[in-house]
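# Coordinate analysis (summary)
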Amino acid sequence: MKLMQRMLMAAAVIALITASGCNRSAKTSGAQSGTPSSAQGQAGDEKALVGVVMPTRSEERWIKDGNAVKEGLEKLGYSVDLQYSDDDIATQTRQIDDLITKGVKALVIASIDGSALSNQLANAAAAKIPVISYDRLLMQSPNVDYYVSFDNYKVGVQMGDILVTGLKLDQASSANPVIVELFAGSPDDNNSVGFYQGAMDRLKPYFDNGALKVPSGQIERTVIGTLRWDAAEAQKRMENLLSAYYSGDVVLNGILSPYDPISLSCLEACKAVGYGSTPGKPLPVVGGQDCIVASVKSILAGEQYATVLKDTRSLGAATVTLVDTIMQGKTPTGLDYTSYNNGAKIVPSLLLDSVIVTKDNVQSAVIDSGYHTLAERGKN
Ligand code: GAL
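Residues numbered from 1 in each chain as written. Predicted model: local features only at pLDDT ≥ 70, side-chain atom pairs only at ≥ 80, totals over all residues.

## Side note on the confidence of the model for the protein
Applicable threshold: A residue's pLDDT is the predictor's confidence in that residue, given on a scale from 0 to 100. By the convention adopted here, residues make contact when the C-beta atoms placed from their backbones lie within 7 Å.
For the protein, mean pLDDT is 89; residues scoring 70 or higher make up 86% of the total. The model gives residues 1-37 a pLDDT under 50, and that stretch makes 72 contacts with residues more than four places away or in other chains.

What follows is the structure, given as structure tokens:
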């Protein structure tokens, strides 16, 4: 797995090996023509300022993301203004306005609501500031230059894989079905679409042959979504599902979860009604995403079954290389020009690979790779 980590990092960097001397026009890329190369700002020895905006400091991953991008850019000599938006759209729009006023030379944005920033993006384009959409696609705007993320559809397939394996779906049948409930991510985050679509495509054969059943009948993404990925909201929904559909003999076997905090709060709701401590009611098989410390501990304790690791170090490194490439007036190569249409244009995308983590590979994928340090994990 160490090898796998190195391959992922290498792939991210190789994908961005640049074709020198190919300046993008300011019109199509938003990049500044005549921009001083690399980290040097217009004042010569002044460092170019890059604005980085992350959605919230209250979720573990965005802190890792913000640090990775900031540290990487600073190593190359850039100044970085890193802002966290407290999951509040008005705060995020104000922060981006302020960064434009401050004269940033590039913007890296992980949005809260992907469609809420059109005015800010238009202002950035007018000021010829290139915009990189970070992890979450900025929607409904032509003023997005690049997208750096993971292959979100494949992440969704992996979420489905986790249930296929963990619930042994190939051994299930309509005579002996497996019972699940489904959760999706925030409806205003385009990533939720890829996660849901990938997972549902993977699970479709089992729904079609009757091996998989959802007693609540709540299956559509709009119905099972979790606004702002709020784990407390998901827990409430899980509690309601358990009391409405599982008060008799029906036992819940599995949960489709798109995000570790949602997985953990669903497990809490299940434990509160006896799952994991009553004969015939083992904890349901639950996957997740982001490989947060609490989920790694839960996986090691045999509770959460699995998660999807999206290495924020690779995402940060790829973003840093992309920013530096653009700032040098070069054209990034190795991008995907077909997969991500934001409603206004196809956004050139750099899509990294993700890894399923279970008890079997948690040591190599998460701990030996240094993704979480011993200190972060405590004694577990
Ligand atoms: C998504 C992201 C996930 C997860 C979630 C909640 O956009 O792709 O990895 O972090 O937001 O923050």
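## Let's talk about the sheet that holds strand 2 (residues 79-84)
Convention followed: Strand pairing follows a simple DSSP-based rule, namely that at least 2 bridges must link the two strands. For helices the rule is a DSSP run of H or I covering at least 4 residues; for strands it is a run of E covering at least 2, with both sets numbered from the N terminus onward. Axes, fitted as lines to C-alpha atoms, cover a helix only where it is in contact. Angles between the N-to-C directions of the axes lie from 0 to 180 degrees.
Taking strand neighbours across the sheet as the criterion, the six strands line up as 2-1-3-4-5-11 in an open arrangement whose pairing is parallel. Both outer strands of the open sheet, strand 2 and strand 11 (349-352), are each paired with one neighbouring strand and no more. Pairs of neighbouring strands in the sheet enclose a mean axial angle of 15°, with direction left out of account. Relative to strand 1 (residues 49-54), helix 4 (residues 89-102) is tilted by about 180°, and along the sheet it contacts strand 1, strand 2 and strand 3 (106-109).

## A closer look at the environment of Gln120
Structurally, Gln120 is set in helix 5 (residues 118-126). For the pair formed by Gln120 and Asp97, sequence separation is 23 residues and the distance between their alpha carbons is 6.3 Å. Not counting chain neighbours up to four residues away, the residues in contact with Gln120 comprise Thr93, Ile96 and Asp97.

## Examining helix 3 (residues 60-75)
Short version of the rule: Working rule for helices: expected span equals 1.5 Å times residues minus one. Burial is judged by counting the other C-beta atoms within 10 Å of a residue's own C-beta: 20 or more makes it buried, 12 or fewer makes it exposed, and any count in between marks it as partly exposed, with every C-beta position built from the backbone.
With 16 residues, helix 3 should cover 22 Å at 1.5 Å per step; its first-to-last C-alpha distance of 23 Å lies within 8% of that length. Residues Arg61, Trp62, Lys64, Asp65, Gly66, Ala68, Val69, Lys70, Gly72 and Leu73 constitute the buried set of helix 3. In this fold, the buried residues of helix 3 make contact with strand 1, strand 2, strand 3 and helix 12 (312-327). Trailing helix 3 by a residue or two, Gly77 shows a phi angle of about 100°, which is positive.

## Structural notes on the packing of helix 9 (residues 231-245) against helix 10 (residues 260-272)
Helices that pack against each other are described as a pair by the angle of their axes relative to one another and the distance between those axes. Note the cut-off: In this scheme, a crossing is called left-handed if the near helix is turned counterclockwise away from the far one by less than a right angle; it is called right-handed if the turn is clockwise. Three classes are used, and their members are as follows: Ala, Val, Leu, Ile, Met, Phe, Trp, Tyr, Cys and Pro are nonpolar, Asp, Glu, Lys and Arg are charged, and the others, Gly among them, are polar.
Two numbers describe how helix 9 lies on helix 10: the axes approach to 8 Å, and their chain directions differ by 35°. In this structure, the crossing between helix 9 and helix 10 has a hand that is right-handed. Residues Ala231, Ala232, Ala234, Gln235, Met238, Glu239 and Leu242 of helix 9 form the contact with helix 10, whose own contacting residues are Pro261, Ile262, Leu264, Ser265, Cys266, Glu268, Ala269 and Cys270. Taken together, the residues of the contact of helix 9 with helix 10 sort by class into eleven nonpolar, two polar and two charged.

## As for the nonpolar core
Convention followed: A set of buried residues drawn from Ala, Val, Leu, Ile, Met, Phe, Trp, Tyr and Cys, joined through C-beta atoms within 7 Å, is what defines a nonpolar core. Bear in mind that the domain bounds are from an automatic or database domain assignment.
Counting 102 residues, the largest nonpolar core has Val50, Ala106, Leu107, Val108, Ile132, Cys266 and Val323 as the members making the most contacts within it. When residues of this core are assigned to domains, at least three map to each of domain 1 (3-144 + 312-352) and domain 2 (152-309). Residue contacts for Leu107: discarding those within four places in its chain leaves Gly51, Ile96, Leu99, Ala124, Ile129, Val131 and Ile132.

## Some thoughts on helix 10
The first and last C-alpha atoms of helix 10 sit 18 Å apart over 13 residues, in line with the 18 Å expected at 1.5 Å per residue. With ten of 13 residues buried, helix 10 is to be regarded as a mostly interior element. Buried within helix 10 we find Asp260, Pro261, Ile262, Ser263, Leu264, Ser265, Cys266, Leu267, Ala269 and Cys270. Where helix 10 is buried, its residues touch helix 9, strand 8 (254-256), strand 9 (285-286), helix 11 (293-300) and strand 10 (306-309). Just downstream of helix 10 lies Gly274, where phi reads positive at about 100°.

## Side note on the site of the ligand
Just so we agree on the cut-off: Whether a residue is near a molecule or strand depends on its C-beta atom, placed from the backbone, lying within 6 Å of it.
Close to the ligand lie Glu59, Arg61, Asp135, Arg136, Asp189, Asn191, Trp229, Tyr259, Gln289, Asp290 and Lys310. Among the residues making up the shell around the ligand, the classes are represented as two nonpolar, two polar and seven charged. If you count residues domain by domain, the shell around the ligand takes at least three from each of domain 1 (3-144 + 312-352) and domain 2 (152-309).

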